Amino acid sequence: MLYQVTFDDGRTSVRVDCNVCTGAFTSDGNTLTVGPQLACTRAACQTASYENAVLTLLSGDHQYTTTLHNLTLTSSRGTMLLQR
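The rules we used
- Residues numbered from 1 in each chain as written.
- Predicted model: local features only at pLDDT ≥ 70, side-chain atom pairs only at ≥ 80, totals over all residues.
- Heavy atoms only, no water.
- Pairing = 2+ DSSP bridges.
- Helix = DSSP H or I, 4+ residues; strand = E, 2+ residues; numbered from the N terminus.
- Buried < 20%, exposed > 50% of the residue type's maximum accessible area, 1.4 Å probe, protein only.

Let's talk about the pairing of strand β1 (residues 3–8)
Next, step 1: Pairing of β1 with strand β2 (residues 11–16) involves six bridges; the strand directions are antiparallel. Bridging from a neighbouring strand, Thr6 pairs with Ser13 of β2.
Next, step 2: Between the antiparallel neighbours β1 and β2 lie two residues, among them Asp9 with a positive phi of about 55 degrees.

Here it is in structure tokens:
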């Protein structure tokens, strides 16, 4: 499985196994908002239920912290650690 998230110039790109999603993001203070919606390809991956869980966790508002190689997103939906 391959999972990759890129943030650049107000746009995010997310690779979740065999699908790719794109959408907007904003950052204000220590709040990062992904979405409101991500547009995704719809290939029939064997990991579809896990992909849906990842996208649900990633979308919406998050409090975030960063270190040299980590971005940690925390919301009421859970915590996601993204590593460079």
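Next comes the rest of the write-up.
Overview of the environment of Tyr50
Next, step 1: Tracing the sequence through the fold places Tyr50 in helix α1 (residues 48–58).
Next, step 2: For Tyr50, a relative accessible area of 47% corresponds to the partly exposed category.
Next, step 3: For the pair Tyr50 and His62, spaced twelve residues apart in sequence, the C-alpha separation works out to 20 Å.

A look at unusual backbone geometry
Next, step 1: With phi around 55 degrees, Asp9 is a residue other than glycine that occupies positive phi space.
Next, step 2: Locating Asp9 in the fold gives a position in the loop between β1 and β2.
Next, step 3: One non-glycine residue, Asp17, adopts positive backbone phi at about 60 degrees.
Next, step 4: Checked against the element boundaries, Asp17 lands in the loop between β2 and β3 (19–28).

Read these as geometric descriptors, not functional statements.
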